[in-house]
Amino acid sequence: MRLSILLLFLFNINFAQDLEIKIPDDFKEFPLSDRELGSYKKIKICYDIINHSNEYYKIIIDSTGFSNVENEAVDELYLGLADFRIYENGILKNKQTGNLPYTRGTRKYPFPTNKELLQFKKKNELNFKDIYDIRIFHEISKRIITLAPKETRSFCLDITLPFYNSPADDGATLYFEVENDKRYDYQIHLNIPKQMIHRFSSIIGGSKKYKIFTGEIVSNKVPFILKR
C-alpha cells in the first residue's frame, strides 16, 4: 500500500512551471517606480503565489519569514522558507550575520515539545528514532498549502531593512550592507529541490488530484530606496 502511494506521489511531482511568485506593483502607498522604504523602520513585504494552470497543486511554503542561507542552498528543516534578495546594479548582495546591536527575532509559533513530537510520530507512522528527524517532519507538515486552478495565495510579513529576522537559527538577525538614498532592487526566490521532497512523501500525501511543486520560482524585481 505504502509503495503504491509513493509511486503515485512520484508520478505527480511537477517542476511547477505553472506557478509564479509575484510582488504586487499596485500598492497605493508606493505609487512611484522606486519605492521609498523607511530605514530601520518596520515595512511590510507582500507577495503572491499564483497558479496559472488548470491543475491542483500542493506546495511547501513557510510565510513566517525569509531564509538566512546564500543563493540556492536549502536546509531540510527550513524547506519552504523563501529567500529575500537585494541587488545593487544587478549584482546580488550577500547577507551578513553576527553579534549586532539589534533585537533578535522570535518565532511566531513555539517549538513542539518532545511529547508532541512523539504523538506526531505515532500518528504519521514514522520510523525515526532521532527526535530531530521527527521535528523536521513536524515542521514540514505545517507548511503544506494547496493551490486550486487559477488560484492566488497572498502572504505578507514585516521586516526592518537593512536588518531582517529569520525563523532559521532561532530567529537570528541578518543584515544587508545597503545605504540610504541609493537605488536597489529586491526579489523573492523559492527553491524546493525534487530530491528533498521524496523524503516527505508520507506527510505531503500523493494523490491523482494534486501535483507536488518542486523546482525554483523567482519573483519580479522591485526597485526601492531606503530613506531615514
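As a convention, each chain's residues are numbered from 1 in the sequence order in which they are written. Local features in this predicted model are restricted to residues whose pLDDT is 70 or higher, and side-chain atom pairs enter the listing and the counts only when it is 80 or higher, whereas totals over whole chains, interfaces and linings include all residues. Hydrogens and water are ignored here; the side-chain numbers use all heavy atoms of the structure.

## Concerning the overall build of the chain
Turning to step 1, where the next piece is worked out: Counting its secondary structure elements, the chain contains five helices and 16 strands.
Turning to step 2, where the next piece is worked out: Residue contacts are defined here by distance: any two heavy atoms, one from each residue, within 4.5 Å place the two residues in contact. A separation of at least 24 residues holds for 80% of the contacts in the chain among residues at least 6 apart in sequence.
Turning to step 3, where the next piece is worked out: Accessible areas in this description were obtained via Shrake-Rupley with a 1.4 Å probe; residue shielding takes into account the shown protein chains only. On the chain, roughly 12,200 Å² of surface is accessible, and the fraction owed to carbon and sulfur atoms is 49%. Numbering of helices and strands runs from the N terminus; a helix is a DSSP stretch of H or I covering at least four residues, while a strand is a stretch of E covering at least two.

## Brief notes about the packing of aromatic side chains
Turning to step 1, where the next piece is worked out: Stacked, tilted and edge-to-face are the three classes applied to pairs of Phe, Tyr and Trp rings, where Trp contributes its six-membered ring and a pair requires centres within 6.5 Å; stacked means planes under 30 degrees apart, edge-to-face means over 60, and tilted covers the rest. Enumeration according to the criterion identifies 10 aromatic pairs in this entry.
Turning to step 2, where the next piece is worked out: With a centroid separation of 6.5 Å and an interplanar angle of 40°, the aromatic rings of Tyr-47 and Phe-66 are classed as tilted. Residue Tyr-47 is found in strand β4 (residues 43–51), and its partner Phe-66 is found in the loop between β5 (56–60) and β6 (83–88); the two are separated by 19 residues along the sequence.
Turning to step 3, where the next piece is worked out: Each residue gets one of three labels from its accessible area relative to the maximum for its type: buried under 20%, exposed over 50%, partly exposed in between, using a 1.4 Å probe on protein chains only. Judged by its relative accessible area of 1%, Tyr-47 is buried.
Turning to step 4, where the next piece is worked out: Given a relative accessible area of 1%, Phe-66 falls into the buried group.
Turning to step 5, where the next piece is worked out: Ring centres of Tyr-56 and Tyr-210 lie 5.8 Å apart, and the angle between their planes is 80°; this geometry places the pair in the edge-to-face category. In this pair, Tyr-56 sits in strand β5 while Tyr-210 sits in strand β14 (residues 210–213), placing the two residues 154 residues apart along the sequence.
Turning to step 6, where the next piece is worked out: Taking the relative accessible area as the measure of exposure, Tyr-210 reaches 17% and is therefore buried.
Turning to step 7, where the next piece is worked out: Cluster of aromatic residues (ring-pair linked, three or more members): Tyr-47, Phe-66, Phe-84, Phe-155, Phe-176, Tyr-184, Tyr-186 and Phe-224.
Turning to step 8, where the next piece is worked out: Our definition puts a charge over a ring when NZ of Lys or CZ of Arg is within 6 Å of the ring centre and also within 35 degrees of the ring normal. Over the ring of Tyr-56 we find Lys-209, and its NZ or CZ is 4.6 Å from the ring centre.

## Points about the sheet that holds strand β10 (residues 152–159)
Strands pair in a sheet through their backbones, by hydrogen bonds, and they do so in one of two ways: parallel or antiparallel.
Turning to step 1, where the next piece is worked out: One open sheet accounts for three strands, arranged β2-β4-β10; its pairing is antiparallel. Each edge of the sheet is formed by a strand with only one pairing partner; in this case those strands are β2 (19–22) and β10. Across the sheet, the axes of successive neighbouring strands diverge by a mean angle of 20°, strand direction being ignored.
Turning to step 2, where the next piece is worked out: When DSSP finds two or more bridges between a pair of strands, those strands are recorded as paired. In terms of strand pairing, β4 meets β10 through eight bridges, oriented antiparallel. Every angle, taken between N-to-C directions, lies between 0 and 180 degrees, and every axis is a line fitted to C-alpha atoms, over only the stretch in contact when it is a helix.

## Description of helix α3 (residues 131–141)
Turning to step 1, where the next piece is worked out: Where α3 is concerned, the buried positions are Ile-134, Ile-136, Phe-137, His-138, Glu-139 and Ile-140.
Turning to step 2, where the next piece is worked out: The secondary structure elements touched by the buried residues of α3 are β5, α2 (114–123), β9 (144–147) and α5 (201–204).
Turning to step 3, where the next piece is worked out: Here α3 starts with a cap whose side-chain oxygen sits 2.8 Å from the backbone nitrogen of Tyr-132, and that cap is Asp-130. Think of a polar contact as two N or O atoms within 3.5 Å of one another; within protein, one of them needs to be a possible hydrogen donor and the other a possible acceptor, and neighboring residues in sequence only count if both atoms come from side chains.

## Some points on the pairing of β9
Turning to step 1, where the next piece is worked out: With burial as the criterion, only one face of β9 is covered, namely that bearing Ile-145 and Leu-147; the residues Ile-144 and Thr-146 on the opposite face remain uncovered.
Turning to step 2, where the next piece is worked out: Here β5 pairs with β9 via four bridges, running antiparallel. Of the residues in β9, the one forming a bridge with Tyr-57 is Leu-147.

## Some words on the pairing of β4
Working note: regular strand, side chains alternate between the two faces of the sheet.
Turning to step 1, where the next piece is worked out: The buried fraction of β4 amounts to eight of the nine residues, a majority that puts the element mostly inside the structure.
Turning to step 2, where the next piece is worked out: Note: β2 against β4, four bridges, orientation antiparallel. Within β4, the residue paired with Leu-19 across the bridge is Asn-51.

## Quick notes on the pattern of salt bridges
Side chains that differ in sign of charge can pair as their charged atoms come close.
Turning to step 1, where the next piece is worked out: Counted as salt bridges are all cases of a side-chain nitrogen of Lys or Arg within 4 Å of a carboxyl oxygen of Asp or Glu. Counting across every chain of the model gives 11 salt bridges.
Turning to step 2, where the next piece is worked out: For Arg-143, the salt bridge goes to Asp-62, with nearest N and O atoms at 3.4 Å. Here Asp-62 lies in the loop between β5 and β6 and Arg-143 lies in the loop between α3 and β9, a separation of 81 residues in the sequence.
Turning to step 3, where the next piece is worked out: Exposure remark for Arg-143: the relative accessible area of 4% places this residue in the buried category.
Turning to step 4, where the next piece is worked out: Of the residues examined, Asp-62 reaches a relative accessible area of 4% and is grouped as buried.
Turning to step 5, where the next piece is worked out: Where Arg-183 meets Asp-185, a salt bridge forms, and the shortest distance between an N and an O atom there is 3.3 Å.
Turning to step 6, where the next piece is worked out: Arg-183 sits in the partly exposed class, given a relative accessible area of 46%.
Turning to step 7, where the next piece is worked out: Bridged by salt links that share partners, the residues Asp-62, Glu-139, Lys-142 and Arg-143 form one connected network.

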